[in-house]
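Listed here are the chains, written in short residue letters.
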Amino acid sequence: LLRDDVRRLGALVGEMLTDQVGAGFFADVERIRVAAIERRERGAPVDTLAGLLDGCGLARGEQLVRAFLSYFQVVNLAERVHRIRRRRDYQRQAPAPPQPGGLEDALRRLHADGVDGTELGALLARLQIEPVFTAHPTEAVRRALLDKERAIVRLLVADIDRGQTPQERGAALARIRQILTTAWQTDELPPDKPTVDDELAHVGYYLSEVIYRIVPVFYEDFAAALRVVWGEDQAPALPNAVLRFGSWVGGDMDGNPNVGAAAVVKTLTVQRRLAIEAYRRDVRRLAALLTQSPHRVGFSPALLAQLEAYRAADDGPAPGVGMPYREFLGWVEQRLSATGGDGPHGYDCAASLRADIALLDDSLRRHGGANAGHFAVQRLLWRIDTFGFHLATLDLRQHAEVHDAALAALLGDEQWSGREPAAKARYLRRLLDDDAVPRAGSTPVTGAEDTLEVFRTVGRALPSFGHHAFGAYIISMSRSAADALGVLVLARSADCVDGNGHVPLDIVPLFETVDDLDGATQTMRSLFEDPAYRRHLVARGGSQMVMLGYSDSARDAGIVASRWALQQAQIALQALGRETGLRITFFHGRGGSLSRGGSKTERAVIAAPRGSVDGRLRFTEQGEVIHRKYGIRALALRNLEQTTGAVLRASLRPRPTEPREAEWRRVMNAMAGSSRRHYRALVYERGDFIGYFRTVTPIDVIERLRIGSRPSRRSAADSIDSLRAIPWVFAWSQNRAGLTGWYGAGTALAGALAAEGRETLAEMARDWPFFATLIDDLEMVMAKSDMAIFERYSRLSAAHEAFYPQINAEFSRARDAILAIKRGAELLAADHRLRISIRLRNPYVDPMSILQIDLLNRWREAGRPEEGPLFHALVATVNGIAAGIQNTG
């Protein structure tokens, strides 16, 4: 059925291209596609495919890229719809075994492992899953194209089981053809670089149009699964706030001059408006449904009393007279419409709205409304508990160096930034202990004002937006206790304190490099031993969040050393939490690509150290991952269910202690060290590598793309460290090397095979989830790499002979080691679905890569113009390759 969908959608794309560009163009596309397949399936040389693209004009080249991108888009949609089909197939077979990875599957496994309702109920009371959306798009799909994609999905799902009549199917195909054609006539990207407002609207789309709609279904499915597994009488109660959502959009100040206090206020205001508009729509729907009359059913005295109070407080016409529920909801909508304004009639907080809706729910349940509206009202209650008036919790992030600069100005100490961390910590502690923090008040402090104004804004906003409005205050590049103490001082200086005099923010150090991860435990120990910080933690409930940086640690040391440092840091910090009696929650700063922590969330949770999840999972969702996971409601629901099921399993029945793990850890320590040395020898210790990198990747194009509101660099220095991890990874995925996802692993694995033997590593890959996930992820990224095409990119550089053989040899070592460990003849031999998925896309990616190489040469020779047909054609190749490769951001 998937192949059928791909064929018929591909045929529609072909018809559209013929109609829009001409039969000759479509014939060219087919010749190129067939040549790409010949190369992949029969080993034809790359030169044969390249010959078909030689001398391609700019306009023709851009049209070819867009044509192949159109094919990608329909293949992507077909695969997503097929996932929905598979889910429906499992649901149709009930009471047969449920779909693996879902909530019912996870609960059945826990029940079989002896988990009773009491034990599960205790976990449910503190269970929290919190995806956090960030403004790091390596793919920025326009809202108009998102709407078109959703329309195609609806049409495909309507005939997902081939149950339509020929006439219905013909009408649907005509509609899809229309959508594909209008999409062809629409620019993929907006003409201007996106602003923070644009990014807010983009993330707001997913929150309000997808996630808001599926949250009640998630709770309904969860509650149903509990009843199926434990029975109606024994099933534990499900809390109303298992899910929460966060966002960095409008709060991530690190390296983004466009984000500050004004952006924070605007973000909170926009998100409140989106939440209230959604509630008003729900309330209107409820009012249309709940038409009960007093002479037919009873109504609770509490609801009638509140209704009478609303009548007495307002002289306006009473909506829905004669139907108390409808009238009551009319007053609720009026209050919602006034919320956030200056008038007295709006709700002061989401809890007040919830109280009104709870009155309605209680009255329905007590008066025959279990099947006459209670269900619909419960859906609204779930939404209010999830989204409040804030929609998504806003995290704030700033670099430690910015805080240091602000402290230098506030304290009048020009040498502050250069002082020893221990000396800084002692001085800051004295200020906090003696209540001697300089109060900035409203007087501007030159050099610190922007930072202080953010804290003032938090203090002013919390009373009106609610305590869930702000999430973590994240300190990038945290390296000492002084970094966190400095935030406490800055917040107090700006009068960002609650009624009890405590700073009302969770201060979250972000450990990003391998060295910082290795030192994280000592940093946190110093903080926990500090009386001032300990008082802060007690006021925040005795819980400390620590953010783990996947991106910079991998860029710093390579994927193997990064993964191992992250694993080791979690183990050590857990031990520190047990020792100090504090609960440590980990915030995983993952991206979409393997080298930025990208992996299936379910597998990553299971592979995490025992006890590190413990009922709470907080993780970033970035770039094209947001679109892939949350672009379609059914798949967003499946993703949240899989994640929750994994958290339940990892929290209640983590894998048993493994006596062999001590030996495996010794092997991993050696591999991490070997991998790190080999990786850094190439990336950091060869002075000519930065020049090679800038030539053999389209990084100079990526730096000019209009895909994000913040710069691609933290500083103007031309170094790997100054470049943000996202463009670093994105560039290496564009040239098909995928180097950031595997370089160093070949040397490490080959060395371990020689020293320990194949059986030891095969045992680790079979029985140790951490190592199994690492090997599977390496295998995936290498299967998407193409060293023959990368060689053509490498030849753009005069240093080709100095670098390519070394890189290619490391790739071969990694591939051969993985095949040896898995006893496989080819990569992904055991993952048929992923292998087919890659195979479907490669014939369209390869021509775009060859075109990109030619366009890069021409663009650079022309002086790198940032406008005009040459640049636009090149940008089209970047977007097209990203769509084809996926997992790039």
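Here the structure is a predicted model, which means the values were calculated and not measured.

Enquirer: Mind showing me how you'd approach the packing of aromatic side chains here?
Expert: How two aromatic rings sit relative to each other is set out by the distance from centre to centre and by the angle between their planes. This structure, assessed with the given rule, holds 33 aromatic pairs. Ring centres 4.6 Å apart and planes at 65 degrees place the aromatic pair Phe299 and Tyr325 in the edge-to-face group. In this pair, Phe299 is assigned in the loop between α10 (261-289) and α11 (301-313) and Tyr325 in helix α12 (residues 324-338), connecting sequence segments 26 residues apart. Under the relative-accessibility criterion, Phe299 is labelled buried at 11%. One aromatic cluster is present, built from ring pairs that chain together Phe689, Tyr692, Phe693, Trp728, Trp732, Phe790, Phe803 and Tyr804. Its end group placed over the ring of Tyr347, Arg335 keeps NZ or CZ at 3.9 Å from the ring centre. A cation over an aromatic ring shows up here: Arg680 above the ring of Tyr684, its NZ or CZ 4.2 Å from the ring centre.

Enquirer: Which parts of the structure should I look at to understand the pattern of salt bridges?
Expert: For side chains of opposite charge, pairing can occur when their charged atoms come near one another. In total, this model carries 88 salt bridges according to the counting rule given. Note that Glu308 is salt-bridged to Arg311, the shortest N-O span being 3.1 Å. With Glu308 and Arg311 both in helix α11, this residue pair falls 3 residues apart, about one helical turn. Since its relative accessible area comes to 42%, Glu308 is described here as partly exposed. Classification of Arg311 as partly exposed rests on a relative accessible area of 35%. Across the pair Asp816 and Arg815 runs a salt bridge whose closest N-O atoms are separated by 3.3 Å. Residue class for Asp816 comes out partly exposed when judged on its relative accessible area of 42%.

Enquirer: Would you take a moment to explain the packing of α10 against helix α17 (residues 449-465) for this structure?
Expert: Each pair of packed helices can be summarised by the angle the axes make with each other and by the distance between the axes. The interhelical angle for the contact between α10 and α17, taken along N-to-C directions, is 20 degrees, at an axis separation of 9 Å. By the angle between their directions, the pair α10 and α17 is classed as roughly parallel. Here the hand of the crossing between α10 and α17 comes out right-handed. Taking contact as the criterion, the partners of Ala261, Val264, Val265, Leu268, Thr269 and Arg272 in α10 are, on α17, Glu453, Val454, Thr457, Ala461, Ser464 and Phe465.

Enquirer: I keep staring at unusual backbone geometry and nothing clicks. Help me out?
Expert: Comment: phi is negative for the bulk of residues other than glycine, and the bulk of peptide bonds are trans. A positive phi angle is found at Met477, which is not glycine, with a value near 55 degrees. Mapped onto the fold, Met477 is located in the loop between β4 (470-476) and α18 (481-493). Residue Met477 is classed as buried on the basis of its relative accessible area, which comes to 13%. Even without a glycine there, the phi angle at Asp614 is positive, about 50 degrees. Overall, the relative accessible area of 30% leaves Asp614 in the partly exposed class.

Enquirer: What should I look at first to understand the environment of Leu64 in this one?
Expert: Residue position: Leu64 is located in helix α4 (residues 58-92). On the basis of relative accessibility, which here comes to 4%, the residue Leu64 falls in the buried class. Separated by 11 residues in the primary sequence, Leu64 and Leu53 place their C-alpha atoms 9.8 Å from one another. Among all residues touching Leu64, those that are not within four sequence positions of it are Phe25, Val29, Ile32, Leu53, Cys56 and Leu851.

Enquirer: Sorry if this is basic, but what is going on with helix α1 (residues 2-20) here?
Expert: An α-helical segment advances 3.6 residues per turn. Residues three or four places apart therefore align on the same side. For α1, built from 19 residues, the straight-helix expectation of 27 Å at 1.5 Å per residue is met to within 8% by its first-to-last C-alpha distance of 27 Å. Where α1 is concerned, the buried positions are Leu2, Asp5, Val6, Arg8, Leu9, Gly10, Leu12, Val13, Gly14, Met16 and Leu17. Once α1 finishes, Gly22 follows within two positions and takes phi at roughly 130 degrees, a positive value.

Enquirer: What exactly am I supposed to notice about the sheet that holds strand β6 (residues 543-549) here?
Expert: Hydrogen bonds between backbone groups are what pair the strands of a sheet, and the pairing can be parallel or antiparallel. Strands sit in the order β1-β2-β3-β4-β5-β6-β7-β8 around a closed barrel of 8 strands; the barrel is parallel. When strand β7 (residues 583-589) meets strand β8 (residues 616-621), the two strands line up parallel, connected through 2 bridges. Residue Phe587 lies in a different strand from β8, and its bridge partner there is Arg618. Docked against the sheet, helix α23 (residues 559-580) engages β6 and β7, running at close to 160 degrees with respect to β7. Against the sheet, helix α26 (residues 633-652) touches β1 (128-133) and β8, its axis set at about 140 degrees to β8.

Enquirer: Looking at this structure, I do not really get the pairing of strand β3 (residues 393-399). What am I missing?
Expert: Look at any regular strand and the pattern is simple: side chains alternate between the two faces of the sheet. For β3, a buried count of 7 out of 7 residues is recorded, marking the element as mostly surrounded by other parts of the structure. The side-chain alternation of β3 yields two buried faces, one formed by Thr393, Asp395, Arg397 and His399 and the other by Leu394, Leu396 and Gln398. Bridge analysis of strand β2 (residues 246-247) against β3 gives 2 bridges, and the strand direction is parallel. Across the sheet, the residue bridging to Gly246 is Thr393, located in β3.

Enquirer: Teacher, can you tell me more about the packing of α18 against helix α21 (residues 531-539) here?
Expert: Direction vectors running N to C along α18 and α21 enclose 70 degrees, while the axes themselves pass 11 Å from each other. Taken together, the axis directions place α18 and α21 in an arrangement best described as roughly perpendicular. Here α18 and α21 pass one another in a crossing that is left-handed. Residues Ala484, Leu485 and Leu488 of α18 lie in contact with α21, whose contacting residues are Ala532, Tyr533 and His536.

Enquirer: Would you mind going over the environment of Arg736 with me for this structure?
Expert: Among the secondary structure elements, Arg736 is positioned in the loop between α30 (725-734) and α31 (745-756). For the pair formed by Arg736 and Tyr793, sequence separation is 57 residues and the distance between their alpha carbons is 8.9 Å. Aside from chain neighbours lying at most four places away, what touches Arg736 is Arg40, Lys784, Ser785, Asp786, Ile789, Asn842, Val845, Asp846, Ser849, Ile881 and Ile885. Reaching out from Arg736, the side chain makes a polar contact with the side chain of Asp846 at a distance of 3.1 Å. Polar contacts involving the side chain of Arg736 include one to the side chain of Ser849, which spans 2.9 Å.

Enquirer: Could you clarify how one ought to interpret the pairing of β8 in this entry?
Expert: Within β8, 6 of the 6 residues are buried, which leaves the element mostly enclosed by the surrounding structure. Both faces of β8 are covered, namely the face carrying Arg616, Arg618 and Thr620 and the face carrying Leu617, Phe619 and Glu621. As defined by bridge partners, β1 adjoins β8 across 6 bridges and the pair is classed as parallel. The residue of β8 that forms the bridge with Ile129 is Leu617.

Rules of the game
- Once a new chain begins, its residue numbering starts again from 1 and follows that chain's sequence as written.
- The predicted nature of this model means local features are confined to residues of pLDDT at least 70 and side-chain atom pairs, given and counted, to a pLDDT of 80 or more, with totals for whole chains, interfaces and linings taken over all residues.
- Excluded from the side-chain calculations are hydrogens and water; all other atoms, namely the structure's heavy atoms, are used.
- In this scheme Phe, Tyr and Trp rings, the latter by its six-membered ring, pair at centre separations within 6.5 Å, and the angle between planes marks the pair as stacked below 30 degrees, edge-to-face above 60, and tilted otherwise.
- Only runs of H or I of at least four residues qualify as helices and only runs of E of at least two qualify as strands under DSSP, and these elements are numbered from the N terminus.
- Buried residues are those whose accessible area, probed at 1.4 Å on protein chains only, stays under 20% of the maximum for their type, while exposed residues exceed 50% and partly exposed ones sit between those limits.
- We count a charge as sitting over a ring when the NZ of a lysine or the CZ of an arginine lies within 6 Å of the ring centre and within 35 degrees of the ring normal.
- For this document, the term salt bridge refers to a Lys or Arg side-chain nitrogen within 4 Å of an Asp or Glu carboxyl oxygen.
- Axes here mean lines fitted to C-alpha atoms, for a helix over just the part in contact, with angles spanning 0 to 180 degrees between N-to-C directions.
- To sort the angles, those under 35 degrees are grouped as roughly parallel, those over 145 as roughly antiparallel, those from 65 to 115 as roughly perpendicular, and the leftovers as oblique.
- By definition, turning the near helix anticlockwise from the far helix through less than a right angle yields a left-handed crossing, and turning it clockwise yields a right-handed one.
- The contact criterion used is simple: two residues touch if any of their non-hydrogen atoms lie within 4.5 Å.
- Any helix carries an expected span of 1.5 Å times its number of residues minus one.
- Here, strands pair whenever DSSP counts at least two bridges between them.
- Polar contacts, as counted here, are pairs of nitrogen or oxygen atoms within 3.5 Å of one another; within protein the pair requires one atom able to donate a hydrogen and one able to accept it, and residues that are adjacent in sequence qualify only if both atoms are side-chain atoms.

These figures capture arrangement, not role.
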